[in-house]
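The chain contents come next:
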Amino acid sequence: MRRGQMITTYGVGAMVAIGDRSYIVTGIDHWNVDAEKFAIHEPRLQHQLKVKGFRLPPAWDEPAGDGVRVRLFPEIHSCPECHRLQEYRRFGADRDGRCGGCGRTLVPSRFVVACENGHLDEFPYYEWVHRKTDGETVSGDGHRLSLHTTGRTASLRSIVVECSCGKKASLEGAFGKSAMKRISLRCSGATPWLGRDAREEGCQATPRTLQRGASAAWFPVYRSALSIPPWSQSMHKRLNADYPMLKRLLQLDPSGKEAIDSIREKGLLKEGADPESLLAALRERIEDEERASVEDPEEADASVIEVGGRVREEEYAQLSEGTDHVERGDEFECVRPPEVPGVQRPPKIGGVMLAKRLREVRALESFTRVIAPDEGMESVRLASISGEEMDWLPAIEVSGEGVFLTLDQEALRTWEKGEGPRRRADLLRERHLGVLRRRAEEAGETRTPRTPVSPRFVLLHTLSHMLLNEWSLDAGYPASALRERLYVGPDMAGILIYTATSDSAGSLGGLVAQGRYDRLTTSLHGALGRHRWCSQDPTCMESHASGVDGLNLAACHACVLLPETSCENNNLFLDRAMVVGTPEAPSIGFYGE
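1. Brief notes about the overall build of the protein
Right, so step 1: Assigned secondary structure in the protein consists of 14 helices and 20 strands.
Right, so step 2: By residue count, 52% of the 593 residues in the protein fall in the buried class.
Right, so step 3: For the protein, the accessible surface area stands at approximately 28000 Å², while carbon and sulfur atoms represent 47% of it.

Right, here's the structure in full:
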């Protein structure tokens, strides 16, 4: 597995199939990570997540093989020959995982149970067969389970669990939402990624049956930030490793003498750097931390989420402004496209910037199960990725290029006042709030849910998908190698489409060229023309509810949906009509005819 997958696909708490075995990735307190060798720094993200730094997931280190550690899970296995169903250790298996009785390769349980609080446990085969008629467990003496497949159908009815006491039951109905409730089973609070017997007491949730490889078994919660000036500049990068120590020295001696002495001792004065300049950079960083610690004023509308918060606001300002001077070691370079005689800026576009150098840090903060994380659902409980309190999080850093564009604010505000856009956005907004209220009630949450949905948000999100699809054709990138980053707020209306992938697809080059006015105009017209008609129309355009929980309108896999790795919002809150209008009412679209 690639290191990037340890953040987005197979992170802490996720189940991984390796050959005929199944494992669960352990908490970061069990990882053997060299703090200096694998250190990653991004001050803005560190402050947001309240950690001292990040560390790259360790690679497999021969001959010890001591990288990211895993545990066997599920522990319940079955033998296809003798049909026994029990814990792996009771089979007397050899090193290759073959049954000690008949020599066949053991098969890990296909099913597990999980709850929305992140807990995960073995499927309760014994309780399912006996319907809790006694208090014994699967490993209890006198009750031996076996697993049989009749082969009559492909349904769960053909999978039958039998007990030596004579009772048996098929797994039909095991995936029902109330299946575990019917057998009076409550969540055990098991957290096997933190230890074999690790548990959290007091969970009142009803567990749900999941297939071991189901996507709902693990949803990552990761945060990301772009490295922007001044933190992306080589001067500030030299301070990263020793910043906590230098900060303490400056606080003890405000004159900075001790800090400068330490800067010299640490060998931070490379390439003729001035110690006073490093000291000024240190003071700037401390002042920025203090400003960020001030609580933001309350929002005017408590039901609205400003997408991205302070981190995105800073990025938006820097992307809009660009960079005047860039040194060799800097990690951010953003310039305006060159002027071409006779070529004007594309219609209704406020500004365009070419991000020739970008660095993004993505950190795994937590994960959820059963219910995907939702920015507006504050009651969703995030699972812990360590059994002990740690001052770091696993992260990766990726470099690439991109194009940043903003919409014309005057044209945007005029369009937002229209009845059509507001009506369609309100439909999605109320539907999303309804989903959040339902989840809040189930979790016993009393706070008012919030949603990012607004006409501006839906427009930017859908336009971003259209352009990304177009550029994947024009620039030669696969769509999965491109990503979107949205900037939405009262004074923000921007889209960054960029390559930030750790494999070779992120370094092909050519995406920045799509931001030149002539090419952007061609791409924009091509994207709008391509998406005015979908092969699923009129069904797609006339749809009043599509996607998960009906949180899309005119959007389907034949038009604007993207690979999940490319979209920030799980392919939700999309509506082609907001961009191009409908045949009956083209004025609904920002670019309607």
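Back to the text.
2. So, the pattern of salt bridges
Right, so step 1: Within the structure shown, the criterion is met by 27 salt bridges.
Right, so step 2: In this structure, E397 and R359 form a salt bridge, with 2.7 Å as the shortest nitrogen-oxygen distance. Residue E397 is located in strand β18 (residues 392–407), and its partner R359 is located in strand β17 (residues 349–368); the two are separated by 38 residues in the primary sequence.
Right, so step 3: Exposure remark for R359: the relative accessible area of 6% places this residue in the buried category.
Right, so step 4: Via salt bridges that share partners, R44, R310, E314, E315, E360, R362 and R485 belong to a single interconnected network.

3. A word on helix α10 (residues 409–416)
Right, so step 1: Residues Q409, L412, W415 and E416 constitute the buried set of α10. The buried residues of α10 all sit within an arc of 130° when viewed along its axis, so they share a single face. Turned more than 90 degrees away from the buried face of α10 sit E410 and T414, all of them exposed.
Right, so step 2: Considering only its buried residues, α10 is in contact with α9 (309–321), β18, α11 (419–442), α12 (455–474), β20 (492–499) and α14 (577–580).
Right, so step 3: Between the side-chain oxygen of the N-cap and the backbone nitrogen of E410 there are 3.3 Å, and the N-cap of α10 in question is D408.

4. Comments concerning the sheet that holds strand β6 (residues 76–78)
Right, so step 1: Pairing is antiparallel in the open sheet, where six strands are placed in the order β8-β6-β7-β11-β12-β13. Sheet topology places β8 (107–108) and β13 (168–170) at the edges, where each strand pairs with a single neighbour.
Right, so step 2: The sheet contact formed by β6 and strand β7 (residues 84–87) spans three bridges and is antiparallel. Across the sheet, H77 pairs through a bridge with Q86, a residue of β7.

5. Regarding the side chain of H432
Right, so step 1: Checked against the element boundaries, H432 lands in helix α11.
Right, so step 2: Side-chain polar atoms of H432 contact the side chain of T451, separated by 2.6 Å.
Right, so step 3: In this structure H432 touches D374, R450, T451, P452, V453, L551 and F573, once residues within four positions along its chain are discounted.

6. Observations regarding the packing of α10 against α12
Geometrically, a packed helix pair is captured by the angle between its two axes and the distance between the axes.
Right, so step 1: Running from amino to carboxyl end, α10 crosses α12 at an angle of 120°, the nearest separation of the two axes being 10 Å. For the element pair α10 / α12, the angle class is oblique. As α10 runs across α12, the sense of the crossing is right-handed. Of α12, the residues touching α10 (which contributes Q409, L412, R413, W415 and E416) are P455, R456 and L459.
Right, so step 2: Taken together, the residues of the contact of α10 with α12 sort by class into four nonpolar, one polar and three charged.

7. A look at the pairing of strand β19 (residues 482–489)
Right, so step 1: In terms of burial, β19 is a largely internal element, eight of the eight residues being buried.
Right, so step 2: Side chains L482, E484, L486 and V488 project from β19 onto one buried face, and the interleaved R483, R485, Y487 and G489 project onto a second face that is buried too.
Right, so step 3: Here eight bridges tie β19 to β20, and the two strands are oriented antiparallel to one another. Counterpart to R485 in the pairing with β20 is L496.
Right, so step 4: In sequence, β19 turns back onto β20 through a hairpin of two residues.

8. Regarding helix α13 (residues 517–531)
Right, so step 1: The first and last C-alpha atoms of α13 sit 21 Å apart over 15 residues, in line with the 21 Å expected at 1.5 Å per residue.
Right, so step 2: Along α13, the residues classified as buried are Y517, L520, T521, S523, L524, A527, L528 and H531. For α13, the angular spread of buried residues about the axis comes to 165°, placing them on one side.
Right, so step 3: Those residues of α13 that are buried lie in contact with β17, β18, α12 and α14.

9. With respect to the state of the cysteines
Right, so step 1: Applying the stated criterion across every chain yields a total of zero disulfides.
Right, so step 2: Left without a disulfide partner, C115 is nearest to the cysteine sulfur of C187, which lies 3.7 Å away.

10. Re the sheet that holds strand β14 (residues 208–211)
Right, so step 1: Taken in spatial order, the three strands line up as β10-β9-β14 in an open sheet, and their pairing is antiparallel. One side of each edge strand has no neighbouring strand; the edge strands of this open sheet are β10 (120–122) and β14. Recorded for the sheet is a direction-independent mean angle of 40° between the axes of neighbouring strands.
Right, so step 2: Direction of pairing for strand β9 (residues 111–114) relative to β14: antiparallel, over a ladder of four bridges. Residue F111 lies in a different strand from β14, and its bridge partner there is Q211.

11. Focus on unusual backbone geometry
Right, so step 1: The omega torsion across F73 and P74 is -5°, close enough to zero to call that bond cis.
Right, so step 2: Structurally, P74 can be placed in the loop between β5 (70–72) and β6.
Right, so step 3: That bond from D537 to P538 is cis: its omega, 5°, falls within 30 degrees of zero.
Right, so step 4: One can find P538 in the loop between α13 and α14.
Right, so step 5: If you check the backbone angles, S184 has positive phi at about 60° while not being a glycine.

Reading guide: rules and limits
Residues numbered from 1 in each chain as written. Predicted model: local features only at pLDDT ≥ 70, side-chain atom pairs only at ≥ 80, totals over all residues. Heavy atoms only, no water. Helix = DSSP H or I, 4+ residues; strand = E, 2+ residues; numbered from the N terminus. Buried < 20%, exposed > 50% of the residue type's maximum accessible area, 1.4 Å probe, protein only. Areas by Shrake-Rupley, 256 points an atom, 1.4 Å probe, with all protein chains shown as cover. Salt bridge = Lys/Arg side-chain N within 4 Å of Asp/Glu carboxyl O. Arc of directions from axis to C-beta. Contact = heavy atoms within 4.5 Å. Polar contact = N/O pair within 3.5 Å; in protein donor to acceptor, adjacent residues only side chain to side chain. Pairing = 2+ DSSP bridges. Axes fitted to C-alpha atoms, helices over the stretch in contact; angles between N-to-C directions. Parallel < 35°, antiparallel > 145°, perpendicular 65-115°, else oblique. Left-handed = near helix turned anticlockwise from the far one by under 90°. Nonpolar A, V, L, I, M, F, W, Y, C, P; charged D, E, K, R; others polar. Expected span 1.5 Å × (residues − 1). Disulfide = S-S within 2.5 Å.

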